[in-house]
Amino acid sequence: MAGFDPAVFIENLAWMKPELLLAGFGLLLLLASATVPVAIRQVGGWLTLAVLAVAAFLVTAQLSAGSGGTVASTGAFPDIAGNPAFVVDGFAVVFKLIFLLGAAFTVLMSMKYPDTDGEDSAEFLALVVFSVFGMMFLASGTGLITIYIGLETMALAGYLLVGFRVQEKRANEGAVKYFVLGALASGILLYGISLVYGATGSINLYGIAASLAGDDSGAAGFLGLGVVLMLVGIGFKVAAVPFHMWAPDAYEGATTPATSFLATAAKAGAFAMLLRVFVTAFGDRGADWAPLMILLAAASMTVGNIAALRQDNVKRMLAFSSVGHAGYVLMGLIAVGLSGGDAAIRARGLLSVALYLFIYTFATAGAFALVALLRKNGQPGEMLDDFNGLVKRHPVASVCMLLFLLSLAGIPCTAGFIGKWWLFGAAIKVNLVWLAVVAVLNSVVSLYYYARVMVAIFIRDGDGESKIQVPLPLSAAIGAAGLFTLVIGVYPQPFIRLARYAVLMMGA
Amino acid sequence: MPIPAGSHEPDPDTGEHEMAAYFPVLLFLLVGLSFPIITLFIAWLVRPNRPNDVKSSVYECGIEPETPAWTRVSVRFYIIAVLFVIFDVETIFLFPWAVKYGVLGLFGFIEMSIFLLILVVGYIYAWRKGALQWA
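Keep in mind that what you see is a predicted model, and the values were worked out from it rather than measured.

Student: Any chance you could break down the overall build of chain A for me, citing the residues and the numbers?
Tutor: Regarding its fold elements, chain A presents 20 helices and four strands. Here chain A has a C-alpha radius of gyration of 22 Å; the compact-globule value for 508 residues is 23 Å, and the two agree. In terms of overall dimensions, chain A has C-alpha extents of about 70 × 55 × 45 Å along its principal axes. The contacts of chain A with a sequence gap of at least 6 include a subset with a gap of at least 24, amounting to 80%.

So, in structure tokens, the structure goes:
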């Protein structure tokens, strides 16, 4: 055992405090659900929120306040060549905050919600906590094995979350589709990883970058095939076209808090992985993989928005809309890829992705929170018609939904406009004006189906049902999301400063 | 391309190829493929083929088939199988630790205990939720 130092290992472990907290708490939740189900059902949600808050605090504390606000950039768990497998840098911190935000909204929505408030409520929370735990390795991991384990942890918990309503056929269908396609995508991703390993001799992102640095031979042969396969595998998780077909069924079948989790946190997790891998390992070869990504982005935007036009089920509509948003976010990554050593463009690309994912999390979680509010004959509703006349039954929530939809469409004065401005600007800076134009046109198209919801809420008449009783956690979620959506739209500077930390990616 | 530590550099004088170390694998693959194919083929050549109605019908302990051959298999078989796989993999991880216990010392013991503890939590969960009930 020469060369292994327990003291160094423990020191490295200290960098994983948020992850360890989440893992320990998830296990406790599982134990509690098996041994004291009644008690944990009462306090589980609030307890989980508290733990998520502590985890967010621990994550932010890793942004150590050195002089000038430096980041505690460090690598942990080095391999033989000295390349770390787990790093804590600005990028990791920002993305972990996004995950925790998405998870917090999910937990708020799941409290006092019919499907998730039953006997197995603690299991739902445990699954969310485990999924976030896995996601954190996607943000911090720099060894492909570490990243893969994080991806699988996140995905397996995700599959279970989608299939949580075991009695509901659509949930079973969505979960099976998600699981089978997810397993296939993982297999393709692994094959790509193995090809990249064969071509570069390293399984660590920094090792791959070092191996590719001196070599100008272009992405031919095994390396090119490996990169493409990895893109396919991750593209599935992100629900980019043409790997998006699982998303509508999985989003529709899952219970609404779980759908929100998939749409916000899980998507951000997959994007964290995409960014980390492609910027750190293949950053030099940006000109090689960017064209492929341009195709994915353009296709996602177009197909996602056009397919959403005809949906009557709001969750399916939001699923296709999230496919479109994935297309927008890919533009930021394309900007980084085509930046060709220009640090300003690279910074803008990374910043815009992180900023947009924050904004998108608020708006999407808010929209799903409103879907969670709908009731039809006492059952959770999810069709467009269930929104009819909502303004009379709950005016505040209706105004918030207006904000969320406008933000998703990118209307000025809401946060979505700021996010899109940064993203589209990043695309223009790398001379992809046509792509930005496609994005703008798609935003216009998306306004139509968001407007359908607005028309249903404000103009159509409902069934005349009485005022909805909204549980406190749900109204807190809607209120917080609405507030942030408005505030960021009007005064985005603090969030832009926060997103700027995402630029600090170690070693790249 | 970097050569992994401890591997064998091919000797150009003897015309040795880099893939030479994998020759046994190729042999294994060919034998593994050909053995069943050859034996089944020879059996097919040698045996008589005289089907009739009674011989081709579904076997049900010698009586006339009463129930359909496709029955519903209970899901508890799957649950037991999955639990077996999980705890079997746990056992596999225990073996190297047991072999090198002396070298790994206290640090290894604590680390392994944490690993076992995590799986015990899962075990308690499965137990209390009735996954081990055969009734």
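Student: Could you give an account of the overall build of chain B, with specific residues and numbers?
Tutor: Helix and strand content of chain B: four helices and zero strands. Going from N to C terminus, chain B has its helices and strands arranged as α-α-α-α. Taken against the 2.2 N^0.38 rule, which gives 14 Å for 135 residues, the C-alpha radius of gyration of chain B at 27 Å runs more than 25% over that of a compact globule. Projecting the C-alpha coordinates of chain B onto the three principal axes gives extents of approximately 65 × 65 × 25 Å. Counting all 135 residues of chain B, 0% fall into the buried class.

Student: I'd like a description of the interface of chain A and chain B, backed by residues and values.
Tutor: How big an interface is tends to be expressed through the accessible area that disappears when the partners come together. Every contact between the two is made by eight residues of chain A and, on the other side, 10 residues of chain B. Broken down by element, the side of chain A that touches chain B gets its largest block of residues, five residues, from helix α2 (residues 17-35) of chain A. Residue classes in the side of chain A that touches chain B are distributed as six nonpolar, two polar and no charged.

Student: Provide a residue-level description of the confidence of the model for chain A, including the pertinent values.
Tutor: Residue and element names in this part refer to chain A. Confidence in the prediction of chain A, expressed as mean pLDDT, is 88, and 94% of residues score 70 or more. By mean pLDDT, strand β1 (residues 74-78) is the weakest element of chain A at 68, and helix α6 (residues 144-162) is the strongest at 95. Within the model, the stretch residues 65-70 combines pLDDT values under 50 with zero contacts to residues more than four positions away or in other chains.

Student: Now, about the environment of B:Asp13: what can you tell me, with residues and values included?
Tutor: By the element assignment, B:Asp13 lies in the segment before α1 (23-46). A sequence separation of 53 residues divides B:Asp13 from B:Glu66, and the C-alpha atoms of the two residues are 73 Å apart.

Student: Give a detailed account of the environment of A:Phe124, specifying residues and quantitative values.
Tutor: If you trace the backbone, A:Phe124 turns up in helix α5 (residues 121-140). Looking at A:Phe124, the number of C-beta atoms within 10 Å reads 29, which means it is buried.

Student: An account of helix α18 (residues 433-458) of chain A is needed here, citing residue identities and associated values.
Tutor: One full turn of an α-helix is made of 3.6 residues, so residues set three or four places apart face in the same direction. All names here are of chain A. The end-to-end C-alpha distance of α18 is 36 Å, a good match for the 38 Å that 26 residues give at a rise of 1.5 Å each. Those residues of α18 not exposed but buried are Leu435, Ala439, Asn442, Ser443, Ser446, Tyr449, Tyr450, Val453, Ala456 and Ile457. Close packing links the buried residues of α18 with α12 (286-308), α13 (314-337), α15 (390-393), α16 (395-409) and α17 (415-429).

Student: Which residues make up α6(A), and what values do they have?
Tutor: Over its 19 residues, α6(A) extends 26 Å from the first C-alpha to the last, a length consistent with the 27 Å expected when each residue adds 1.5 Å. Taking burial as the measure, the 19 residues of α6(A) include 14 buried ones, the bulk of the element.

Student: Help me get a handle on the packing of α2(A) against helix α3 (residues 37-61) of chain A, residues and values and all.
Tutor: Residue and element names in this part refer to chain A. Where α2 contacts α3, the axes come no closer than 10 Å and their chain directions differ by 180°. With respect to α3, the axis of α2 lies roughly antiparallel. Across the interface between the two elements, Lys17, Pro18, Leu21, Leu22, Phe25, Leu29, Ala32 and Ser33 of α2 pack against Pro37, Ile40, Gly44, Val51, Val54, Ala55, Leu58 and Val59 of α3. Of the residues contributing to the contact of α2 with α3, the split by class is 13 nonpolar, two polar and one charged.

Student: An account of the nonpolar core is requested, with residue identities and associated values reported.
Tutor: Of all hydrophobic cores here, the largest spans 200 residues; its most connected members are A:Val132, A:Met331, A:Ile334, A:Ala354 and A:Ala369. Per element, the largest residue contribution to this core is 20 residues, and it comes from helix α14 (residues 343-373) of chain A.

Student: Just give me the short version of unusual backbone geometry, but keep the residues and values in it.
Tutor: Residues other than glycine predominantly adopt negative phi, and peptide bonds predominantly adopt the trans conformation. Residues and elements named next belong to chain A. Following Val241, the chain continues to Pro242 via a peptide bond in cis, the omega torsion being 0°. Positionally, Pro242 belongs in the loop between α9 (221-238) and α10 (246-253). A positive phi angle, close to 60°, is found at Asn431, a residue other than glycine. You can see Asn431 is positioned in the loop between α17 and α18.

Student: So, the confidence of the model for chain B: which residues are in play, and what are the values?
Tutor: The predicted model of chain B averages 86 in pLDDT, with 91% of residues at 70 or higher. Across the predicted assembly, pTM comes out at 0.89 and ipTM at 0.85.

Student: Describe the packing of α3(A) against helix α4 (residues 90-110) of chain A, listing the residues and the values that go with them.
Tutor: Residues and elements named next belong to chain A. Put simply, α3 and α4 touch, their axes get as near as 10 Å, and they point 170° apart. Taken together, the axis directions place α3 and α4 in an arrangement best described as roughly antiparallel. Facing α3, whose interface residues are Gly45, Thr48, Leu49, Leu52, Ala55, Ala56, Val59 and Thr60, α4 presents Val93, Lys96, Leu97, Leu100, Ala103, Ala104, Val107 and Ser110. Residues that form the contact of α3 with α4 fall into these classes: 11 nonpolar, four polar and one charged.

Analysis parameters
Residues numbered from 1 in each chain as written. Chains lettered and ligands numbered in written order. Predicted model: local features only at pLDDT ≥ 70, side-chain atom pairs only at ≥ 80, totals over all residues. Helix = DSSP H or I, 4+ residues; strand = E, 2+ residues; numbered from the N terminus. Rg over C-alpha atoms; globule rule 2.2 N^0.38 Å. Contact = placed C-beta atoms within 7 Å. Buried ≥ 20, exposed ≤ 12 C-beta atoms within 10 Å, placed from the backbone. Nonpolar A, V, L, I, M, F, W, Y, C, P; charged D, E, K, R; others polar. pLDDT = per-residue confidence, 0-100. Expected span 1.5 Å × (residues − 1). Axes fitted to C-alpha atoms, helices over the stretch in contact; angles between N-to-C directions. Parallel < 35°, antiparallel > 145°, perpendicular 65-115°, else oblique. Core = buried A, V, L, I, M, F, W, Y, C linked by C-beta atoms within 7 Å.

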